[in-house]
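Fold and geometry: a report
As a plain string of letters, each chain reads:
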Amino acid sequence: MEYPSRFPIKVVGVNQDGLVSALTHIARQFDPGYDAATVELRESGGGKYLGVTLIVTATSRDQLDELYRTLTTHPMVKWVL
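The rules we used
Just so you know, the residues in each chain are numbered from 1, in the order the chain's sequence is written. Selection of residues for local features in this predicted model requires a pLDDT of at least 70, selection of side-chain atom pairs for listing and counting requires 80 or more, and totals for whole chains, interfaces and linings are taken over all residues. The basis for every side-chain value is the complete set of heavy atoms in the structure, and neither hydrogens nor water enter the calculation. Only DSSP runs of H or I with at least four residues qualify as helices, and only runs of E with at least two residues qualify as strands; both kinds are numbered from the N terminus onward. In this treatment the radius of gyration is a C-alpha quantity, and the globule benchmark scales as 2.2 Å times the residue count to the 0.38 power. Each residue's exposure class comes from its accessible area (1.4 Å probe, protein chains only) as a fraction of the maximum for that residue type: buried when under 20%, exposed when over 50%, partly exposed otherwise. We call two residues in contact whenever any of their non-hydrogen atoms come within 4.5 Å of each other. Exposure was quantified through the Shrake-Rupley algorithm and a 1.4 Å probe, taking into account, for residues, occlusion by the shown protein chains and nothing else. Here Asp and Glu are counted as negative and Lys and Arg as positive; His is not counted, and neither are the chain ends. Every charge is mapped onto a representative atom, which is NZ of Lys, CZ of Arg, CG of Asp or CD of Glu. Multiplying one less than the number of residues by 1.5 Å gives the expected span of a helix. Along the arc lie the directions from the helix axis toward the C-beta atoms. Should DSSP find at least two bridges between two strands, the strands are taken to pair. Detection works on a 1 Å grid of protein atoms alone, calling trapped sets that fit a 1.4 Å probe cavities and calling open sets with protein on both sides within 12 Å along at least five of seven lines pockets, with lining residues defined by an atom within 4 Å of a point. Grid points are joined across faces, edges and corners, and a volume is the space filled by probe spheres set on the points. Residue classes follow a fixed rule: Ala, Val, Leu, Ile, Met, Phe, Trp, Tyr, Cys and Pro count as nonpolar, while Asp, Glu, Lys and Arg count as charged, and any other residue, Gly among them, counts as polar.

Below, the discussion takes up the overall build of the protein. Within the protein, the regular secondary structure consists of two helices and four strands. Element order for the protein, N to C, with α for helix and β for strand: β-α-β-β-α-β. Against the 2.2 N^0.38 benchmark of 12 Å for 81 residues, the protein shows a C-alpha radius of gyration of 12 Å, consistent with a compact globule. Out of the 81 residues in the protein, the part that is buried amounts to 36%. Considering only intrachain contacts with a sequence separation of at least 6, the fraction spanning at least 24 residues in the protein is 71%. Roughly 4,900 Å² of accessible area belongs to the protein as shown, and the carbon and sulfur atoms make up 52% of that amount. The protein carries 8 positive and 9 negative side-chain charges, and their two centres are separated by 6 Å.

Structure (C-alpha cells):
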C-alpha cells in the first residue's frame, strides 16, 4: 500500500444517537482533514446495528493500526473491518 491514500474502514455499532458523531470524532483525531460528508451508513435488517463506512487518508501503517485499536475500544462499536 502506498501512503498517503484514501482508505475505507467499516465499523458496525449499536444503532443509537451519538454513534456517527463519536466515530467521526475519532477519525478526525487520526486524519485532521477527515470529511464527515463521506460517511456511508447502512442499517441492519432489524435496526439494532448500524454499519458505518469511514474513508480516511491513511499516512502510515502505524496510523491505521492505532485508528483500528481506538475504534474497537469505543463502547458502542461491535466490529471494525
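Still more ground to cover, so stick around.
Between its terminal C-alpha atoms helix α2 (residues 61–72) stretches 17 Å, which fits the 16 Å expected from 12 residues at 1.5 Å a residue. When α2 is considered as a whole, its buried residues turn out to be Gln63, Leu64, Leu67, Thr70 and Leu71. The buried side chains of α2 occupy one side of the element, clustering within an arc of 130° when seen end-on. Exposed and oriented more than 90 degrees from the buried face of α2 are Arg61 and Asp62. Looking at the packing, one finds that the buried side of α2 touches β1 (5–14), α1 (19–30), β3 (49–58) and β4 (77–80).

Where β1 and β3 come together, 10 bridges link them in antiparallel fashion. For Val11, the partnering residue across the bridge sits in β3 and is Val52. Inspection of the sheet shows β1 paired to β4 by three bridges, in the antiparallel sense. Residue pairing across strands places Val12 opposite Trp79, the latter belonging to β4.

This next bit is on the layout of surface pockets. Each pocket or cavity is described by its volume, and for the largest pocket that value is around 150 Å³. Every residue lining the largest pocket is listed: Lys10, Val11, Val12, Glu40, Leu41, Arg42, Gly51, Val52, Thr53 and Leu81. Elements supplying a minimum of two residues to the lining of the largest pocket: β1, β2 (40–43) and β3. Classifying every residue of the lining of the largest pocket gives five nonpolar, two polar and three charged.

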